[in-house]
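Here is how the chains run, residue by residue.
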Amino acid sequence: MRADAHPGPLRVLVFGAALRAESTNARLASLVARMIADTGVTADLAAMRDFDMPPYDGDAEASEGLPEGALALRDRLEHCDAFVISSPEYNASMPGVLKNMIDWVSRVQPQPFKTKHALLVSASPSMVGGNRGLWALRVPLEHLGTRVYPDMFSLAKAHQGFTEDGMLTDSGLQERLAETVAAFLRLVEADVRYVCLQRRWYEFRGDRTEAPVTQRAED
Ligand SMILES: Cc1cc2nc3c(=O)[nH]c(=O)nc-3n(C[C@H](O)[C@H](O)[C@H](O)COP(=O)(O)O)c2cc1C
């Protein structure tokens, strides 16, 4: 067992990345949280509004530090082994509020993304289900060291995609999502409990040219 493994059930933070009340991504996040809980893993379902924060501003960071919403997300991330984001696609990319959130939280030292696994899902009324936004979302997360699961899930025609009780209308898709979630959890479990790989990474915050690059290693 890994030296830093905790004995309790795995913990996974799940949130939808749209602010609007009727968000289909919030519904998809809720369904994924239910699927996670059904496997005996603890799901921490959050709402985007739990992490309200202003646009990133270096002067505000220097004078006031991180906003409460960013610290709240940092705390929730620190208490989980993995996270799931259900994100809409805006103009073939991720929503600005989500990127802003990642930017603020990346300023925490040590930043919490690098020790986590992530599963990315999306919902959109379009035919591709917002999948292009997820490819864009992989970039900052992988840059920060998150181990982003290779498989993703995108729900096309999401406005017609849910039953009254929050399941997917298409039972084949429901099964595929459940299988993707279960496979993701198996990988997280294997890594958190058993894998003893040494991880190496470099941190460079990019704000001062003379700032040293920090090399870290962890067993
Ligand atoms: C600014 C903006 C840009 C959008 N661009 C795209 C897009 O590129 N691809 C897409 O599938 N949907 C796009 N949409 C539609 C969203 O997918 C749709 O609003 C979706 O319902 C948002 O997710 P939600 O239901 O969780 O709020 C866009 C919506 C907005 C507001």
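The paragraphs below set out a description of the structure included in this document. (Residues numbered from 1 in each chain as written. Predicted model: local features only at pLDDT ≥ 70, side-chain atom pairs only at ≥ 80, totals over all residues. Heavy atoms only, no water.)

## Points about the site of the ligand
For step 1, the next point in the chain: Neighbouring the ligand are 14 residues; Arg20, Ser23, Thr24, Glu89 and Ser124 lie closest to it.
For step 2, the next point in the chain: Contact distances for the ligand include 2.6 Å between an oxygen atom and a side-chain N or O atom of Ser23.
For step 3, the next point in the chain: Residue Ala92 places a main-chain N or O atom 2.9 Å away from an oxygen atom belonging to the ligand.
For step 4, the next point in the chain: When the free accessible area of the ligand is taken as 620 Å², the share hidden by the protein chains comes to 69%. (Near = heavy atom within 4 Å. Polar contact = N/O pair within 3.5 Å; in protein donor to acceptor, adjacent residues only side chain to side chain. Areas by Shrake-Rupley, 256 points an atom, 1.4 Å probe, with all protein chains shown as cover.)

## Observations concerning the side chain of Arg138
For step 1, the next point in the chain: Tracing the chain through its elements places Arg138 in helix H5 (residues 131-143).
For step 2, the next point in the chain: One polar contact links the side chain of Arg138 to the main-chain carbonyl oxygen of Val148, over a distance of 3.1 Å.
For step 3, the next point in the chain: Apart from the residues within four sequence positions on either side, Arg138 is in contact with Leu120, Val148, Tyr149, Pro150 and Met152. (Helix = DSSP H or I, 4+ residues; strand = E, 2+ residues; numbered from the N terminus. Contact = heavy atoms within 4.5 Å.)

## Regarding the pairing of strand E1 (residues 11-16)
For step 1, the next point in the chain: Buried residues dominate E1, accounting for five of its six residues.
For step 2, the next point in the chain: Pairing geometry for E1 and strand E2 (residues 42-46), over five bridges, is parallel. Opposite Leu13, over in E2, you have Asp44 as the bridge partner.
For step 3, the next point in the chain: In this fold, E1 hands off to helix H1 (residues 24-38), which returns the chain to E2; that crossover is right-handed.
For step 4, the next point in the chain: Relative to strand E3 (residues 82-86), E1 runs parallel, the two sharing five bridges. Paired with Gly16 across the strands is Ser86, a residue of E3. (Buried < 20%, exposed > 50% of the residue type's maximum accessible area, 1.4 Å probe, protein only. Pairing = 2+ DSSP bridges. Right-handed = clockwise from strand over helix to strand, strands pointing away.)

## Observations regarding unusual backbone geometry
For step 1, the next point in the chain: Cis geometry is found at the peptide bond from Gln109 to Pro110, where omega equals -10 degrees.
For step 2, the next point in the chain: Mapped onto the elements, Pro110 comes out in the loop between helix H4 (96-105) and strand E4 (117-123).
For step 3, the next point in the chain: The backbone of Asn91 shows a phi angle near 50 degrees, a positive value even though the residue is not glycine.
For step 4, the next point in the chain: On the secondary structure map, Asn91 appears in the loop between E3 and H4.
For step 5, the next point in the chain: One non-glycine residue, Lys157, lies in positive phi territory at about 50 degrees.
For step 6, the next point in the chain: Residue position: Lys157 is located in the loop between strand E6 (153-155) and helix H6 (171-193).

## Structural notes on the packing of aromatic side chains
Two aromatic rings, taken as a pair, are described by how far apart their centres are and by the angle between their planes.
For step 1, the next point in the chain: Within this structure, the stated rule accounts for four aromatic pairs.
For step 2, the next point in the chain: Pairing Tyr149 with Phe184 gives two aromatic rings, centres 5.5 Å apart and planes at 70 degrees, and the pair type is edge-to-face. Within this pair, whereas Tyr149 is found in the loop between strand E5 (147-148) and E6, its partner Phe184 is found in helix H6, the two being separated by 35 residues in sequence.
For step 3, the next point in the chain: Owing to a relative accessible area of 12%, Tyr149 belongs among the buried residues under this scheme. (Phe/Tyr/Trp six-rings, centres within 6.5 Å; stacked < 30°, edge-to-face > 60°.)

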